[in-house]
Amino acid sequence: MLKPISTSTREQILLDGLWLFALDTPDRPEPWGSVLDTRREAPVPASYNDVFADQEIHDHVGWVWYQRTVRVPRGWSGERVILRVDAATHEGVVYVGDRRVAHHIGGYTPFEADITDLAEAGAEIRITIGVNNELTNETIPPGTITTDEFGRRKQTYRHDFYNYAGLARSVRLYSVPTVHVTDVTVATDVEGATGVVDYRVEASAAAQVVVRLRDAAGVEVARAEGDAGRIEVTDAELWRPGRGYLYTLEVDLVAGGALQDRYEVPVGIRSVRVEGARFLINGEPFFFRGFGKHEDSAIRGRGFDNAIMVHDFALMEWMGANSFRTSHYPYAEEFLEYADRHGIVVIDETAAVGLNLGLGGGFHGRVTEKSFSPTMFNDNTQAAHAQGIRELIARDKNHPSVVMWSITNEPESVEDGAREYFEPLVALARELDPTRPLTYANEYRGQFHNDRLADLFDVICLNRYYGWYMETGDLVMAEHRLETELRGWQTTFGKPIIITEYGADTLAGLHAVTTQAWSEEFQTSLLQTYHRVFDRIDAVIGEQVWNFADFQTSQGVIRVDGNKKGVFTRDRRPKAAAHELRARWTAAAAAEAGSETASTS
Ligand code: GCB
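If you look the protein chain up in an unreviewed UniProt entry, it shows as Beta-glucuronidase from Microbacterium aurantiacum. Of the protein chain, the UniProt comment under Sequence similarities (unreviewed entry) reads exactly: "Belongs to the glycosyl hydrolase 2 family."

Undergrad: Mind laying out the sheet that holds strand β1 (residues 11-14), listing which residues take part and the relevant values?
TA: Strand order across the open sheet formed by 4 strands is β1-β12-β5-β8, with antiparallel pairing between neighbours. Where the open sheet ends on each side, the last strands, each with one partner, are β1 and β8 (111-114). Averaged over all neighbouring strand pairs, the angle between strand axes comes to 20°, with direction disregarded. Pairing geometry for β1 and strand β12 (residues 171-176), over 4 bridges, is antiparallel.

Undergrad: Tell me about the site of the ligand, residues and numbers included.
TA: The environment of the ligand is made up of 13 residues, and the closest members are Asp160, His328, Glu410, Tyr469 and Lys565. In the model, an oxygen atom of the ligand is placed 3.4 Å from a nitrogen or oxygen of the Tyr465 side chain. At a separation of 3.0 Å, an oxygen atom of the ligand approaches a polar side-chain atom of Trp546. For the ligand, whose accessible area on its own is 320 Å², the fraction buried by protein is 91%.

Undergrad: Please set out the side chain of Ser373 residue by residue, giving values where relevant.
TA: Relative to the helices and strands, Ser373 resides in the loop between α4 (361-364) and α5 (379-396). Owing to a relative accessible area of 15%, Ser373 belongs among the buried residues under this scheme.

Undergrad: Outline helix α3 (residues 333-342), listing residues and values.
TA: Given 3.6 residues per turn, any residue in an α-helix points the same way as the ones three and four places further on. With 7 of its 10 residues buried, α3 lies for the most part within the structure. Buried within α3 we find Glu333, Glu334, Phe335, Leu336, Tyr338, Ala339 and Asp340. Elements that come into contact with the buried residues of α3 comprise β5 (80-85), β12, α2 (306-319), β25 (345-349), α5 and β26 (402-409). Phi turns positive one or two residues past the end of α3, at Gly343, with a value near 70°.

What counts, and where the lines are drawn
Residues numbered from 1 in each chain as written. Predicted model: local features only at pLDDT ≥ 70, side-chain atom pairs only at ≥ 80, totals over all residues. Heavy atoms only, no water. UniProt positions renumbered as here; feature names shortened; annotations may be inferred. Pairing = 2+ DSSP bridges. Helix = DSSP H or I, 4+ residues; strand = E, 2+ residues; numbered from the N terminus. Axes fitted to C-alpha atoms, helices over the stretch in contact; angles between N-to-C directions. Near = heavy atom within 4 Å. Polar contact = N/O pair within 3.5 Å; in protein donor to acceptor, adjacent residues only side chain to side chain. Areas by Shrake-Rupley, 256 points an atom, 1.4 Å probe, with all protein chains shown as cover. Buried < 20%, exposed > 50% of the residue type's maximum accessible area, 1.4 Å probe, protein only. Contact = heavy atoms within 4.5 Å.

Here it is as structure tokens:
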């Protein structure tokens, strides 16, 4: 799905700001029918949970309503008018006036409606958006809703981050001409010094397609006609990690000799391949250094904020990080656009987290039920998961920063049924995007000798907590067990391995001279221990620490105001480990830059 942009034929207005806001109650009939009966105003974009000083809102399970009016620009007469919601977590329904125009399930991907018939140029329209945060065994991510003896509905879930909800990303109104571009797909490759750009354009009606590739200075370097084709750029300037050079593909629809619509896609020319135990970007082995992150900050919850995003990227750059994983859901498109421009490498993950009843059995009680069964994660769950994969790839396929899809985090991978559940999803992802490698993030019970999924994927991503959840505080044993395991994966599969999670909860300001779990020194020592092992294993081609920053979770006895495995606190102050990582990663980046200079001189 194309992101709305302004061009000479398109305009958009952001509907960010304050919207009327109310919880759904049984006695609130048709909230869209008139002005919402409330004095509350909620900021968009933001999760609503922590904005108000109100327990009921914080804990609400079910629908909430947002409403505002907007005047359709007078100049949009004769244009199509589209309303787009970047994300409604986890289900959204949209009304214009009292007409329902859109419904969407899936909390982290956009949806839109053509509302031309209801949006007369110059007129004011009332937009009401319902958002539902309920998670069941058939949603992605899954959850369980119970009603207690007081009639209170409670949401539980198996993922370790707070179930923030609401309109956490922008809502947009935009115009397109009647004949307009509906989709553009770009895939790039590198052949010697030549950059290859394959493109495909879809349009709302038959029209002549003319595409021009412009370099970063705006100079036209190639031109082609037709709705699909190949452009070759001799001596192409490549998109590289650390140097996000972007061309622009200008797509024109022409009919009757006149320009109907123009859309522009940033294009980073690069190749991605897995060969043996190497991950190659432009034919060069790439080592992932960075983090699993969250969209998480105080007050806003998962709400998108440019200041926080830029600050997080600045801190990653300060540390010499070159990559991150969008754990555990698709992030706002702005993250990927920034990563494209700045040469940051992204592993892009679906929201399929928590498909695992066996995980954390000790904390959640004994588990006797199977994860993949008709009463738990079943055909409907799988269909929702497939839809999540479709929407992720449709949204993010053109971003050069995205080098790999992760279709799930820590599913049950050792049980009967896991393979049957995942095989069709892997096939679907490969069909939708044959150009990018695929992975999934594995949890430790899926070992190299019993995991039933790893061979379906191109890269082995492991989340490991030796020295933390197992052998807590014992880094000698952690080092031994980690090394034994990684050697097992290396020998059994011969595929590249990225450690997509490792880390320790750490209370900023707690210090110790002995190996004391939760201290800043312990977090640093644990990371050093892991790094020693990584440096001894050839197949390890990446280290992404869990987590970039402390983040909010549901309440529980193992979480003190959230998960504290951040290398930064929730307000982004460095713990000692940040300095340790900075020393390691900036040295690695300098060594890579040195070898690159040597090989090009
Ligand atoms: C994991 C999960 C992540 C948790 C983390 C932890 O394996 O993938 O979502 O937050 O462990 O800290 O327990």
